[in-house]
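For reference, the chains in residue letters:
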Amino acid sequence: MIPLKVYVDPDLCISCGACIDLCPEVFDWNEEGIAEAQVDEVPKEFEDLVQEALESCPTSAIIGEDISNADEEEDVLSMEEEKEE
Ligand code: SF4
């Protein structure tokens, strides 16, 4: 599985509860009754369930960010910054 960061777009969430039913360890309601990711980086054991939640959200409100190349991207950025100096 791909290491993921996950968050919910509150403007798109219609509070159907599917993601919370699927993976209450990662998703929960906030004070406004909107689903919210409780973790920044998805723990390995929940990656499959979060992927399922991503695919089953009726409004595609759950955004998963692939962080498997995060270190490499940082390297590229810092190299570009160095070139500009
Ligand atoms: S599945 Fe999507 S619409 Fe339903 S509660 Fe979760 S984020 Fe909101």
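See the structure printed just above.
Nothing here was measured: the structure is a model prediction, and the numbers come from that model.

(A) Inspection of the overall build of the protein chain at higher detail. Looking only at helices and strands, the protein chain features three helices and four strands. For the protein chain, buried positions account for 19% of its 85 residues. Look at the contacts in the protein chain between residues 6 or more apart in sequence, and 64% of them connect residues 24 or more apart.

(B) How the structure looks around the environment of valine 39. Note that valine 39 resides in the loop between strand E3 (35–37) and helix H2 (47–56). For valine 39, a count of 15 C-beta atoms within 10 Å corresponds to the partly exposed category.

(C) How the structure looks around the environment of phenylalanine 27. In this fold, phenylalanine 27 is placed in strand E2 (residues 27–29). According to the C-beta neighbour criterion, phenylalanine 27 is buried, with 26 such atoms within 10 Å. Considered as a pair, phenylalanine 27 and alanine 53 are 26 residues apart in the sequence and their alpha carbons are 9.4 Å apart. Residue contacts for phenylalanine 27: discarding those within four places in its chain leaves Cys19, Ile20, Ala35, Glu36, Ala37, Gln38 and Ala53.

(D) The nonpolar core, seen in detail. Ranked by internal contacts, the top residues of the largest apolar core, which has 16 residues, are Val6, Cys19, Cys23, Val26, Phe27, Val50 and Ala53. Mapped by element, the contributors of at least two residues to this core are strand E1 (4–8), helix H1 (18–22), E3 and H2. Filtering out sequence-adjacent residues up to four positions away, valine 26 remains in contact with Val6, Ala37, Gln38, Val39, Val42, Phe46 and Val50.

(E) Geometry of unusual backbone geometry. Positive phi values are uncommon outside glycine, yet serine 15 reaches one of about 60°. One can find serine 15 in the loop between E1 and H1. A tally of 13 C-beta atoms within 10 Å means that serine 15 is categorised as partly exposed. Positive phi, normally seen in glycine, also occurs at serine 60, with a value near 50°.

Thresholds, definitions, all that
Residues numbered from 1 in each chain as written. Predicted model: local features only at pLDDT ≥ 70, side-chain atom pairs only at ≥ 80, totals over all residues. Helix = DSSP H or I, 4+ residues; strand = E, 2+ residues; numbered from the N terminus. Buried ≥ 20, exposed ≤ 12 C-beta atoms within 10 Å, placed from the backbone. Contact = placed C-beta atoms within 7 Å. Core = buried A, V, L, I, M, F, W, Y, C linked by C-beta atoms within 7 Å.

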